[in-house]
Amino acid sequence: AQSVTQLDSQVPVFEEAPVELRCNYSSSVSVYLFWYVQYPNQGLQLLLKYLSGSTLVKGINGFEAEFNKSQTSFHLRKPSVHISDTAEYFCAVIARTSYDKVIFGPGTSLSVIP
Amino acid sequence: ETGVTQSPTHLIKTRGQQVTLRCSSQSGHNTVSWYQQALGQGPQFIFQYYREEENGRGNFPPRFSGLQFPNYSSELNVNALELDDSALYLCASSTSRSGGPKNGELFFGEGSRLTVL
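In what follows, the accompanying structure is described. (Residues numbered from 1 in each chain as written. Chains lettered and ligands numbered in written order. Predicted model: local features only at pLDDT ≥ 70, side-chain atom pairs only at ≥ 80, totals over all residues. Heavy atoms only, no water.)

1. Looking at the side chain of Gln 6 of chain A
Residue and element names in this part refer to chain A. With respect to the secondary-structure elements, Gln 6 resides in the loop between β1 (3–5) and β2 (10–14). Accessibility expressed as a relative area gives 7% for Gln 6, which makes it buried. From its side chain, Gln 6 meets the backbone nitrogen of Cys 91 in a polar contact 3.1 Å long. Contact partners of Gln 6, with chain neighbours within four places excluded, come to Arg 22, Trp 35, Tyr 89, Phe 90, Cys 91, Gly 105, Pro 106, Gly 107 and Thr 108. (Helix = DSSP H or I, 4+ residues; strand = E, 2+ residues; numbered from the N terminus. Buried < 20%, exposed > 50% of the residue type's maximum accessible area, 1.4 Å probe, protein only. Polar contact = N/O pair within 3.5 Å; in protein donor to acceptor, adjacent residues only side chain to side chain. Contact = heavy atoms within 4.5 Å.)

What follows is the structure, given as structure tokens:
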């Protein structure tokens, strides 16, 4: 079974400052990793995904994430945030070899302060 | 815009009642998953359907049931509603080779917000 931990439930950051949202996972098998964003009163939208290859993946809206297998982490970063980045961010994982469910973390609420 | 549509968007029920939520998958997607998202929490997996059969279930009681139709649309039914069933219910569609989301990528609808009084 897999599990996902997001250590920060809330992250306030000033506009144009950099941000990192942390994600750690636990799994006995290889996994695919994802970050989803949820704006208020909306469903989830895929930001980026790691399937294989380069450990640094780039997504939409200027976000990127780095897969670190030894630390079982997949932290999300953005060098300069905008007010419109205020949202809930969810890290998610699925085992590569199973046709099982996607497991989501509890989420991190990013608040960008003008 | 994911092409996944859910209805209704909001509804209010009372304890003990039954509810049916509907989902229309993105064109070409043959797998649908349902998630429950309580306020302030991440989505929790309810179940998944592939080719009209349930092929995965989370830790939810049998009063949560579902259907997938030949056109890949889906329903989530909840019987004997409890106060704790109040949540946003998310439907997600995906392509699949053998029953699970291909590469794990899910395409979500905007959800149905259920309030149980």
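2. Focus on the packing of aromatic side chains
Scanning the entire structure with this criterion turns up twelve aromatic pairs over all chains. Judged by centre distance (5.4 Å) and plane angle (90 degrees), the ring pair of Phe 47 of chain B and Tyr 49 of chain B falls under edge-to-face. (Phe/Tyr/Trp six-rings, centres within 6.5 Å; stacked < 30°, edge-to-face > 60°.)

3. Here we look at unusual backbone geometry
All names here are of chain B. Here the amide bond leading from Ser 7 into Pro 8 is cis, since omega sits at -10 degrees, within 30 degrees of zero. With respect to the helices and strands, Pro 8 occurs in the loop between β1 (5–7) and β2 (10–13). Although it is not a glycine, Glu 52 adopts a positive phi angle of roughly 70 degrees. Here Glu 52 shows up in the loop between β5 (44–50) and β6 (53–57). What makes Glu 52 partly exposed here is its relative accessible area of 43%.

4. Details of the sheet that holds strand β8 (residues 74–78) of chain B
All names here are of chain B. Strand order across the open sheet formed by four strands is β1-β3-β8-β7, with antiparallel pairing between neighbours. Edge positions in the sheet fall to β1 and β7 (64–68), since each of these pairs with one other strand and no more. For this sheet, the mean angle separating the axes of adjacent strands, direction not counted, is 15 degrees. Note: strand β3 (residues 19–24) against β8, five bridges, orientation antiparallel. Looking at the pairing, Val 19 lines up with Val 78 of β8. (Pairing = 2+ DSSP bridges. Axes fitted to C-alpha atoms, helices over the stretch in contact; angles between N-to-C directions.)

5. Side note on the interface of chain B and chain A
Taken together, the contact between chain B and chain A spans 21 residues of the former and 20 residues of the latter. A buried area of about 1700 Å², summed over both sides, lies between chain B and chain A, and 56% of it is on carbon and sulfur atoms. Here chain B and chain A share one salt bridge between them. In this structure, the salt-bridge partner of Glu 105 of chain B is Lys 49 of chain A, at a minimum N-O distance of 2.6 Å. Joining chain B to chain A, the criterion identifies four residue pairs in polar contact (both at pLDDT 80 or more). Mapped by element, the contributors of at least two residues to the side of chain B that touches chain A are β4 (31–37), β5 and β9 (87–94) of chain B. In terms of residue class, the side of chain B that touches chain A is made up of eight nonpolar, eleven polar and two charged. (Buried area = accessible area lost by both parts, 1.4 Å probe. Salt bridge = Lys/Arg side-chain N within 4 Å of Asp/Glu carboxyl O. Nonpolar A, V, L, I, M, F, W, Y, C, P; charged D, E, K, R; others polar.)

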